[in-house]
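Working through the structure, step by step
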Amino acid sequence: MKAVYLLIVLLSLNLASRGQSLSIDDLPPQNYFDFWIGTWELTWEAPDGSMESGTNKIEKILEGKVIQENFEAIEGRFEGYAGKSWSVYSSRNKEWKQTWVDSNGGYIDFTGEFSGGKRIFITDRITPQGKSIMQRMVFYNIKQNSFTWDWELSTDKGKSWTLQWRIEYKRK
């Protein structure tokens, strides 16, 4: 009987979590990126029109306070490229922060922004040539089992943005 009761409770919790809103307006700030939690199959179009793919496993760690990303490109021009990120909401500063590292030795730090239902991580960088650029990741079209992610670049301090890479996420 205890096993049946436990099963009913677990099913209820699972159904309740699936019914949660994905809108930022309905969430406390520390849950803005909870939609991202899960295991994802990724696809994107290469410049030649062929399709490339990867995987991304997103999980909460450190008592649910940190979101850890585990990205891997598995097919296409980026095959073998891998990266990890750690995202955290700072209640003291009332902002999201993310740190990205990758298999090319890359390191980027981002700050979260939110506009029109889009979740955004943005950074200002100086290129090796000394030029100031802005880069951002934009999460949008967010549904229970899919969303779109864009990597964008601005050379005019964010007045205009150029798409560099678009990835379609589908929940595994």
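Attention in this report is confined to the structure presented alongside it. Everything quoted here is computed from the prediction, not taken from an experiment. (Residues numbered from 1 in each chain as written. Predicted model: local features only at pLDDT ≥ 70, side-chain atom pairs only at ≥ 80, totals over all residues. Heavy atoms only, no water.)

1. A look at unusual backbone geometry
Most peptide bonds take the trans configuration, and most residues that are not glycine carry a negative phi. Note the following rule: Secondary structure follows DSSP: runs of H or I at least 4 residues long count as helices, runs of E at least 2 residues long count as strands, and numbering of each begins at the N terminus. We call a residue buried when its accessible area falls under 20% of the maximum for its residue type, exposed when it is over 50%, and partly exposed in between, using a 1.4 Å probe and counting protein chains only.
Positive phi is not limited to glycine here, since lysine 94 has a value of about 55 degrees. Mapped onto the elements, lysine 94 comes out in the loop between strand E4 (82–90) and strand E5 (95–102). Taking relative accessible area as the criterion, lysine 94 reaches 64% and is therefore assigned exposed.

2. A few points about the pattern of salt bridges
Applicable threshold: Within this document, salt bridges are pairs made up of a side-chain nitrogen of Lys or Arg and a carboxyl oxygen of Asp or Glu, the two lying within 4 Å of each other.
On inspection of all chains with the given rule, the structure shows 4 salt bridges. Two residues, lysine 60 and aspartate 34, come together in a salt bridge whose shortest N-O distance is 2.8 Å. Placement of the pair is lysine 60 in strand E2 (residues 51–61) and aspartate 34 in the loop between helix H1 (2–18) and strand E1 (38–45), with a sequence separation of 26 residues. For lysine 60, a relative accessible area of 33% puts it in the partly exposed group. For glutamate 52, the salt bridge is made with arginine 77, and the minimal N-O distance between the two is 3.0 Å. With glutamate 52 in strand E2 and arginine 77 in the loop between strand E3 (66–75) and E4, this pair connects stretches of sequence that are 25 residues apart. Given the relative accessible area of 4%, glutamate 52 is considered buried. Judged by its relative accessible area of 46%, arginine 77 is partly exposed.

3. Observations concerning the environment of asparagine 70
Convention followed: In this analysis, two residues are considered to be in contact whenever any of their non-hydrogen atoms come within 4.5 Å of each other.
Structurally, asparagine 70 is set in strand E3. Separated by 11 residues in the primary sequence, asparagine 70 and glutamate 59 place their C-alpha atoms 8.7 Å from one another. Ignoring anything within four residues of it in the chain, the contact list for asparagine 70 reads Thr55, Asn56, Lys57, Ile58, Glu59, Gly83 and Lys84.

4. Considerations on the pairing of strand E7 (residues 118–126)
Applicable threshold: Two strands qualify as a pair provided that DSSP identifies no fewer than 2 bridges between them.
Relative to E7, strand E6 (residues 107–115) is paired through 5 bridges, and the arrangement is antiparallel. Within E7, the residue paired with threonine 111 across the bridge is isoleucine 122. Counted between consecutive antiparallel strands, the loop separating E6 from E7 contains 2 residues, among which glycine 116 sits at a positive phi close to 55 degrees. Taken together, the 8 bridges between E7 and strand E8 (residues 132–143) define a ladder with antiparallel strand orientation.

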